Amino acid sequence: MGRYIVTIVWSVIYMMVIGFIAAPLTQSAFNPKEALIIGVVFGILFAAIIPTITAHSHKDKSKFSNLK
């Protein structure tokens, strides 16, 4: 559960920074609520997908190696 929380927090932080920088470049207003929602969605996806990918490429005795 901890990896989900950490991944979501960092993805929200990155999306806030990216949104803050990209808004003036695209001549639009920065919307923090939209950046927050997109960050949470990407955080959940990354937290679920990355351990599955690494479990197939690296065999060890962790619980993630049993994901298939």
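Thresholds, definitions, all that
- Throughout this document, residue positions are counted from 1 along each chain, in the order its sequence is written.
- Thresholds applied to this predicted model are a pLDDT of at least 70 for local features of residues and 80 or more for the giving and counting of side-chain atom pairs; totals over whole chains, interfaces and linings are not thresholded and use all residues.
- With hydrogens and water set aside, each side-chain value is computed from the structure's full complement of heavy atoms.
- Counting from the N terminus, the helices are DSSP H or I runs at least four residues long and the strands are E runs at least two residues long.
- Note on classification: 1.4 Å probe, protein chains only; a residue is buried when its accessible area is under 20% of the maximum for its type, exposed when over 50%, partly exposed between these limits.
- In this description, contact between two residues means that some pair of their heavy atoms is separated by no more than 4.5 Å.
- Areas reported here follow the Shrake-Rupley algorithm with a probe of radius 1.4 Å; residue values treat only the protein chains shown as occluding.
- In this scheme Phe, Tyr and Trp rings, the latter by its six-membered ring, pair at centre separations within 6.5 Å, and the angle between planes marks the pair as stacked below 30 degrees, edge-to-face above 60, and tilted otherwise.

### Some details on the overall build of the protein chain
A tally of regular secondary structure across the protein chain gives two helices and zero strands. Counting only residues that meet the buried cut, the protein chain has 18% of its 68 residues in that class. Sequence-distant contacts, at least 24 apart, represent 45% of the contacts inside the protein chain between residues at least 6 apart. Accessible surface computed for the protein chain: about 5300 Å², of which carbon and sulfur atoms make up 74%.

### Observations regarding the packing of aromatic side chains
Under the criterion given, the structure shown has three aromatic pairs. Taking the centre distance of 5.8 Å and the plane angle of 90° together, the rings of Phe20 and Phe30 count as edge-to-face. Taken as a pair, Phe20 in helix H1 (residues 2–25) and Phe30 in the loop between H1 and helix H2 (32–57) lie far apart in primary sequence, ten residues in all. Taking the relative accessible area as the measure of exposure, Phe20 reaches 56% and is therefore exposed. On the basis of relative accessible area, Phe30 is assigned to the partly exposed category, the value being 32%. Measuring from ring centre to ring centre gives 5.9 Å for Phe42 and Phe46, while their planes differ by 35°; the resulting arrangement is tilted. In this pair, Phe42 and Phe46 both sit in helix H2, four residues apart, roughly one turn of the helix.

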